[in-house]
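# Analysis of the macromolecular model
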Amino acid sequence: MVRLIEVSRRFGATVAVDRISLELARGAFLTILGPSGCGKTTLLRMIAGFIAPSAGEIVVHGRPVADLPPWKRSIGMVFQRLALFPHLTAFGNVAYPLQMRGFPRDGIADRVARYLRLVRLEGLGGRRPHELSGGQQQRVAIARALVFEPDLLLLDEPLAALDKKLREDMQLEFRRIQQELGVTTINVTHDQREALVMSDRVLVMDQGRLQQAGTPEETYARPANRFVAGFIGLTNFLPAEVVDRGPGATRLRIGALEITLPGATARPAAGPIEVALRAERIRLLAPDEAAEITVAGTIAAAVFEGDRVVYEVGVPALGPQTLKLYDLDPLGHGRRRPGEPVRLGWLARDLLTFTP
Amino acid sequence: MSRGWLLWLLVGLVVLDLAFLALPTLVVLIASFTPGTIIAFPPEGLSLRWYAALLDRPDFLRALWRSLLVGLVCTALAVPIGTLAALALARFRLRGGTALQVYLLLPFTIPLVVSGIGLMLVFGQLGWLGRVWPVGVAACVINLPFMIWAVAAAVNHLDPDLENAAQSLGAPPTHAFVTVTLPAVMPGIVTGALVMFILAVNEFLVSLMLVDARTVTLPVLVYNAIRSIITPDLAAVSAVYVGLALVAILLLDRLVGLDIFLRSRKS
Ligand SMILES: Nc1ncnc2c1ncn2[C@@H]1O[C@H](COP(=O)(O)OP(=O)(O)O)[C@@H](O)[C@H]1O
Ligand SMILES: [Mg+2]
């Protein structure tokens, strides 16, 4: 089990990591998600032992690691730029931790071969890093970080530099290897899709602070604040106002539209608030189709993305701002042109409310 | 049509350029095989007479040996100092960083005579004038920026997390340095060492100011010789230099690969 207790790190006046606490069960896969510069790398470097926390404590498998230098911690790390040893072959790179950690010599070759097989690099052990493709280099880095069976694996956005297709393949590949070995893993990324696809748990960070921790589903369905709602998924934000707060129901006004929220989801204080509505919760209605909430609008822009069309729709009743939504079956009913009138519908419970 | 024309012009210029670069060397090389007693091009025939004559001249052999010694002293000093300086320069924001960068530009800005006079004064105080090994020290002081450049270029290619990676894989810092950093910058070290060696063996002006009649190095010997009669053995000496340079280039190709000079930086 890995525990961080109120870990902080400052660089001069900037607080790169601000009182982050987390707990991670043995064998779990946690992804820390946040925009570039939010302190992800700094957090991983503290766990790996390259820099010391300004405050707080890090415990790996019941043992505080503050006094342990990196080479005495049992932590494998895959670096943002991989940091493969250029003068060693793939085999040499993977054998390195075994040599440094004093594994019996005659067992090393077998062990390395086994891990090269695990990452599907059999036959390529003799190549130097520059003779391997980007994806193959990733695999060497993964094998090198895992071959000594560390207590904890850290991944610092190793997939960020790959092109989309390869990145998505490698995400599944990482997950497969992680589950095969059952190694406790902390992955770091600014790619929300990667976080949702790969992890058991997601921790959202912004400006060094923890924003939300939960399963991918929770994080997506019930964002804890406006930042999380905006960072994950394509989300529309609309200014609104609480008109009436009855027992069990809240009346909101969004532009010219009045909506009653069922009590369970209503939590705004009286006064101005912000309403979030995810793009995929809005439906393009057929002429005779009904929905709990319907509005009329005009297509302002349409972007064809192959498996879907992203529409921007102007809705006069909601004010000047357009709504973004998806049509997930563009081949089924044809693409609408800008200027075409449409009707949109959604459910009251899909509206998330935040106090600004 | 006009592109083809341009291409031919370009090819022509390159050939001309290479010819002018290589021509003097070729002329001297060919002239050194003359059997006659005066240096001439084209030679009157082909013989190794003047090479044999060189072997019979102890003053030449001793000067050659002194020059090689100068090269060895210079390289032995430059490799550790230049390597550490380049690594420090890359790794830390040094307090004297700017001063060091100015020093790195010195070879382009200060004429050798000036450096030579400075060294002469200092070495004179130390009582080092007229000895051979101080010439190696001088060559090292003057040419060290080349060594630092060679290593710094290699260091800049490296991932800054290389040593962190080694440490997290189980290597304490000194181990990480010896097993990862040093081998990873070795191409730069080898390149720098060979450059320093060749520069030191060729060092003329500063040698001239630091040696006396009993300790002349090969370039000084050649200089003294051309002030009297120019005989074909000088061409043979030149051929020895060309030979040394070729050996250095072959070594470089073997150990590092010449393409590092032609290849642009990889991302
Ligand atoms: N060594 C350092 N010195 C000064 N500031 C740093 C240092 N490392 C990181 N920072 C600052 O800390 C913040 C977080 O950086 P980082 O952890 O690299 O973010 P991320 O990995 O999420 O992109 C940034 O504002 C960055 O400028
Ligand atoms: Mg980072």
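Reading the values: the criteria
Residues numbered from 1 in each chain as written. Chains lettered and ligands numbered in written order. Predicted model: local features only at pLDDT ≥ 70, side-chain atom pairs only at ≥ 80, totals over all residues. Heavy atoms only, no water. Domains from an automatic or database assignment. Contact = heavy atoms within 4.5 Å. Buried area = accessible area lost by both parts, 1.4 Å probe. Polar contact = N/O pair within 3.5 Å; in protein donor to acceptor, adjacent residues only side chain to side chain. Nonpolar A, V, L, I, M, F, W, Y, C, P; charged D, E, K, R; others polar. Pairing = 2+ DSSP bridges. Helix = DSSP H or I, 4+ residues; strand = E, 2+ residues; numbered from the N terminus. Axes fitted to C-alpha atoms, helices over the stretch in contact; angles between N-to-C directions. Expected span 1.5 Å × (residues − 1). Buried < 20%, exposed > 50% of the residue type's maximum accessible area, 1.4 Å probe, protein only.

## As for the domain arrangement of chain A
All names here are of chain A. Looking at the assigned domains, one finds that chain A contains domain 1 (2-223) and domain 2 (234-354). Here domain 1 and domain 2 have C-alpha centroids that lie 39 Å from each other. Of the residues lining the interface, 4 residues belong to domain 1; the matching set on domain 2 comes to 5 residues. Between domain 1 and domain 2, a total of about 350 Å² is buried, with carbon and sulfur atoms accounting for 42% of that surface. The three residues of domain 1 that bury the most area against domain 2 are Tyr220, Ala221 and Pro223, which together make up 95% of that side's buried surface. On the surface where domain 1 and domain 2 come into contact, there are 2 residue pairs in polar contact (both at pLDDT 80 or more). Grouping the amino acids of the side of domain 1 that touches domain 2 by side-chain chemistry returns 3 nonpolar, 1 polar and no charged.

## Remarks on the sheet that holds strand β7 (residues 152-156) of chain A
All names here are of chain A. Across the sheet, which stays open at both edges, the 6 strands sit in the order β6-β7-β8-β3-β9-β10 with mixed pairing between neighbours. Every other strand in the sheet has two partners, leaving β6 (75-78) and β10 (209-214) as the edge strands with one partner each. Here the strands of the sheet are splayed against their neighbours by 15° on average, with no regard to which way each runs. By the bridge criterion, 4 bridges tie β6 to β7 in an arrangement that is parallel. Each residue of the ladder has a partner; that of Gly76, found in β7, is Leu153. Packed onto the sheet, helix α4 (residues 134-146) meets β6 and β7 and runs at close to 170° relative to β6.

## Remarks on helix α11 (residues 232-255) of chain B
All names here are of chain B. Between the first and last C-alpha of α11 there are 35 Å, a value that for 24 residues agrees with the 34 Å anticipated at 1.5 Å per step. Pro232, Asp233, Leu234, Ala235, Ala236, Val237, Ala239, Tyr241, Ala248 and Leu252 are the residues of α11 that are buried. Downstream of α11 by a residue or two, Gly257 has a phi angle that is positive, lying close to 100°.

## Details of unusual backbone geometry
Glycine aside, residues mostly have negative phi angles, and peptide bonds mostly take the trans form. Residue and element names in this part refer to chain A. Residue Arg120 is not a glycine yet carries a positive backbone phi of 60°. Residue position: Arg120 is located in the loop between α3 (105-118) and α4. Its relative accessible area of 49% is what places Arg120 among the partly exposed residues. Of note in the backbone geometry, Gln207 takes a positive phi value of approximately 50° without being a glycine. Turning to its location among the elements, Gln207 is positioned in the loop between β9 (201-206) and β10. Judged by relative accessible area, Gln207 falls into the exposed class, the value being 59%.

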